[in-house]
Amino acid sequence: SSHQYCDNMDVPQHYSWTDSSVYSLQITFDTLSETENGPDTLTFDYTDFTGVARTKQFKGTEFTDFVLDATEFNLTFHTDGSVTYWGYRFSASPYVQSCDDFTSDTGATFADTGVHTIESPHQYCENADVSQHYSWTDSTVYSIQITFDEESNLEVNSDFLTISYTDFTGTARSKQFTGGSWGEFVLDATEFDVQFTSNGSVEYWGYRFTAAPYAPSCTDFSSSTGSNFSDSDVRSIESSHPYCDSMDVTQHYSWVDAQVNSLQITFDSLSQTENGPDYLTFTYTDSTGTSQSQQFKGTEFTDFTLDAPEFDLNYHTDGSVTYWGYRFLVTPHSVACDNFAGSTGETFTDITVQTIESPHDYCNNLNVSQHYAFTNSEVINISITFDDSTYMEYNRDFLTFNYVDSTGSSVQKSFTGTSLEDFVIDATEFGLVFTSDGSGTYAGYKFEADPRPCANMIDDDGSVFYGTDLQTIESNHPYCNNLNISQHYSFESPDTSGLYLTFDSDSALEANSDTLTISFVVRSQTVSVTYTGSLLPWLPLPIPATEFDLEFITNGTTTAYGYKITVDPGACSAYKNDPGATFSSMDPQVIESPHNYCDNLLISQDYSWSSPLVNSVDLVFDQSTITEYFWDVLTITYPNSIGLPVSFSYSGTDFPEQLTIPGDNFNLRFRSDPTQNYYGYKFTATPSMGSATTTDLVVKKSAKTKLSPQTGGMKMLAIYKKWKQTIFSKKKNKSK
């Protein structure tokens with residue numbers, strides 16, 4: 001305004017912001033602002049985002065900053081003809097809440113009965129977890145009307161807004177929102193908590209809502225005819241506070257569409273009418289077809305159960321004294337929820353997919369325990385697949401699976417919200433517990449339980465794999481009797497030259513009765529390896545081919561865990577299947593493991609030189625050579641002058657700089673365990689025409705590997721026996 005302003009003014013002005021990114025305006029007053037207290041006023045008129053006309057008026061020195069929830073407003077300054085003061089000055093700027101301000105905001109306490117706006121930033125922030133508390137202290141406030149901006153939108157089923165409160169009956173309630181189109185509702189309390197959580201993915205506009213003290217006016221109350229509800233949510237029904245004289249209002253309320261069979265009526269302790277002339281009457285037809293009525297007046301408002309899904313409500317007042325009126329909660333009890341709460345589960349004797357579900361929408365305050373079992377002897381485990389419609393109130397309502405798996409361990413899996421993941425129950429039966437609190441209810445759960453028998457194995461004829469990823473091939477655990485399974489596996493990748501098969505430590509079959517045979521072709525010859533019994537003979541199997549056949553045969557007696565095979569067609573595959581080489585030239589040859597090498601290796605390679613000029617071979621180790629000490633061992637073995645094997649084993653960093661081998665051939669064995677792995681080994685083998693003596697064996701050396709007499713002797717003996725077995729096996733094959 002002008003300073004000082006003038007007498008006898010009545011000035012209307014209009015201000016608007018047309019930029020599409022503007023949603024609200026921050027009004028900030030100069031501390032000098034002052035008018036004559038009473039006659040001279042400054043008035044803001046605007047329509048908020050809910051479509052409701054709002055007015056804010058200032059006078060005297062009571063000029064308070066506020067956020068105007070609109071992009072335009074009318075401003076009227078009125079003065080009379082008496083005293084004048086400095087006037088007013090304020091800034092009006094587009095309001096944007098920062099993420100820092102939002103995350104540090106803990107809420108507010110309001111002493112007035114005005115409308116307040118609560119909102120997130122637009123767009124909101126990633127990875128938010130914000131909790132705020134809002135309360136109204138004015139004694140005339142009993143309920144809060146929440147009205148959402150139609151722009152409100154969150155990433156569906158990932159980001160959530162939850163409003164929690166305790167209603168007038170002392171029951172904890174909550175409403176949870178995600179996605180968009182939220183509308184409005186009445187919150188039967190004078191305080192509530194807001195929690196907003198967002199994940200780290202997509203950002204949406206966020207939320208904005210008005211929170212206004214709520215009480216129906218006499219006009220609204222007298223014109224209301226009731227409602228028909230299609231869900232089983234708890235509803236609040238009330239008069240105006242205080243009510244009006246000379247009323248006779250009849251309303252009809254129905255829950256027929258929600259399959260409700262009874263209604264729990266719970267009154268607010270504040271309920272009171274004039275005792276006698278003013279009364280509240282419920283009229284309904286109960287489940288036996290009998291007409292019933294319940295009348296309340298004075299302070300005698302007693303909770304009761306109405307044995308029907310609908311009722312008429314009549315409120316009559318005379319023309320004398322008025323009181324606070326009435327308010328009550330209606331809690332529907334549905335047929336579906338009653339049946340669900342009494343269900344104990346089911347036992348299935350066949351092998352068919354079963355659909356298991358809660359009512360939609362489910363009810364509050366449930367604690368339902370059920371047990372499901374598949375008793376057919378062919379069933380091994382149960383596959384659980386959730387329906388896309390499954391939705392429970394996040395972190396408040398839970399679905400929990402309990403079962404004992406095939407190892408005898410107790411397993412529990414719990415789900416809430418839409419955080420669902422299909423899984424396999426390693427058992428033929430399970431317990432199911434569903435709990436819901438007394439607040440919001442949603443679609444509920446629905447899933448398919450698919451009993452998986454050994455028939456799945458019978459129908460499986462193998463697979464073709466592309467790429468070099470590890471693949472797992474396994475039987476059911478435990479497997480079934482009377483099986484005769486034939487499967488073919490092929491690995492189609494230009495990077496695959498061979499396969500390396502390792503068995504899970506649990507692998508076991510009924511000894512000498514149930515057998516697993518793996519067959520593959522090498523140089524037009526079929527090689528077969530048969531396994532039975534427990535782990536001991538189940539050594540890793542290198543296959544110098546890119547495909548193999550699997551045959552699994554069981555008899556009709558005992559079963560066991562079965563088999564589980566990991567097939568590695570990857571970077572180590574060529575190394576695992578490399579038998580060694582025969583060199584015809586006198587050039588130096590580099591011999592090395594992969595860097596880093598793989599776990600669970602058991603490598604044997606033979607190297608020789610065909611030239612009659614070679615009398616010895618110098619092995620010079622690269623300084624990078626290192627393996628896991630004691631556990632990952634490189635062994636070089638060669639025959640001495642009388643044909644007996646001589647071996648040198650190394651691990652850790654205890655490798656010689658140079659080792660000279662007498663003769664023209666040696667065997668290389670490398671073993672690694674399933675724990676750590678390192679760079680591996682690398683050496684250059686150079687053939688020499690000079691002769692080597694025993695004193696020439698180690699020309700340059702570092703510290704040799706240290707083994708205890710007991711451990712070292714046992715390990716060397718095992719290596720020697722394996723080497724001897726390999727030599728004899730080769731001689732046998734050559735003779736054949």
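Residues numbered from 1 in each chain as written. Predicted model: local features only at pLDDT ≥ 70, side-chain atom pairs only at ≥ 80, totals over all residues. Heavy atoms only, no water.

## With respect to the overall build of the protein chain
Each helix and strand in the protein chain was counted, giving six helices and 52 strands. Relative to its length of 736 residues, the protein chain is extended, with a C-alpha radius of gyration of 41 Å against a globular reference of 27 Å. On the principal axes, the C-alpha backbone points of the protein chain span a range of 130 × 75 × 45 Å. For the protein chain, the proportion of its 736 residues judged to be buried stands at 43%. Considering only intrachain contacts with a sequence separation of at least 6, the fraction spanning at least 24 residues in the protein chain is 81%. (Helix = DSSP H or I, 4+ residues; strand = E, 2+ residues; numbered from the N terminus. Rg over C-alpha atoms; globule rule 2.2 N^0.38 Å. Buried < 20%, exposed > 50% of the residue type's maximum accessible area, 1.4 Å probe, protein only. Contact = heavy atoms within 4.5 Å.)

## Structural notes on the pairing of strand β20 (residues 260-267)
Counting buried residues along β20, six of its eight residues qualify, which places the element largely inside the surrounding structure. Inspection of the sheet shows β20 paired to strand β25 (residues 327-334) by seven bridges, in the antiparallel sense. Residue pairing in the sheet places Q264 in a bridge with T331 of β25. In this sheet, strand β23 (residues 304-306) lies alongside β20 in antiparallel orientation, the contact comprising three bridges. Paired with L263 across the strands is L306, a residue of β23. (Pairing = 2+ DSSP bridges.)

## Considering the side chain of S519
Secondary-structure assignment places S519 in strand β39 (residues 515-522). Residue S519 is classed as buried on the basis of its relative accessible area, which comes to 16%. At 2.9 Å, the side chain of S519 forms a polar contact with the side chain of S528. Excluding its chain neighbours within four sequence positions, the residues that come into contact with S519 are T526, V527, S528, F548 and D549. (Polar contact = N/O pair within 3.5 Å; in protein donor to acceptor, adjacent residues only side chain to side chain.)

## A word on the pattern of salt bridges
Applying the stated criterion to the full structure yields eight salt bridges. Where D188 meets R327, a salt bridge forms, and the shortest distance between an N and an O atom there is 4.0 Å. Pair noted here: D188 is in the loop between β14 (184-187) and β15 (191-197) and R327 is in strand β25, with a separation of 139 residues, a long-range link. Given a relative accessible area of 6%, D188 falls into the buried group. Using a relative accessible area of 2% as the deciding quantity, one classes R327 as buried. With its nearest N and O atoms 3.7 Å apart, the salt bridge here joins R396 to E393. A cluster of three or more residues bridged by salt bridges with shared partners is formed by D188, D268 and R327. (Salt bridge = Lys/Arg side-chain N within 4 Å of Asp/Glu carboxyl O.)

## Re unusual backbone geometry
Of note, the bond from H3 into Q4 is cis; its omega dihedral lies within 30 degrees of zero at -5°. Note that Q4 resides in the segment before β1 (10-16). The residue after H122, namely Q123, is reached through a cis peptide bond having omega -10°. Take Q123: it is sitting in the loop between β9 (116-119) and β10 (129-136).

## Quick word on the sheet that holds strand β27 (residues 354-357)
Sheet architecture is open: four strands sit in the order β27-β34-β29-β32, paired in antiparallel fashion. The open sheet terminates on both sides in strands that have one partner only, identified here as β27 and β32 (423-425). Mean inter-strand twist for the sheet, computed between neighbouring axes without regard to direction, equals 30°. (Axes fitted to C-alpha atoms, helices over the stretch in contact; angles between N-to-C directions.)

## Looking at the sheet that holds strand β8 (residues 107-110)
Pairing within the open sheet is mixed, and its five strands lie in the order β8-β10-β15-β12-β13. Both edges of this open sheet fall to β8 and β13 (172-177), since each of them pairs with a single strand only. Across the sheet, the mean angle from the axis of one strand to that of its neighbour is 15°, orientation sign disregarded. Taken together, the six bridges between strand β12 (residues 160-166) and β13 define a ladder with antiparallel strand orientation. Residue S164 lies in a different strand from β13, and its bridge partner there is S174.

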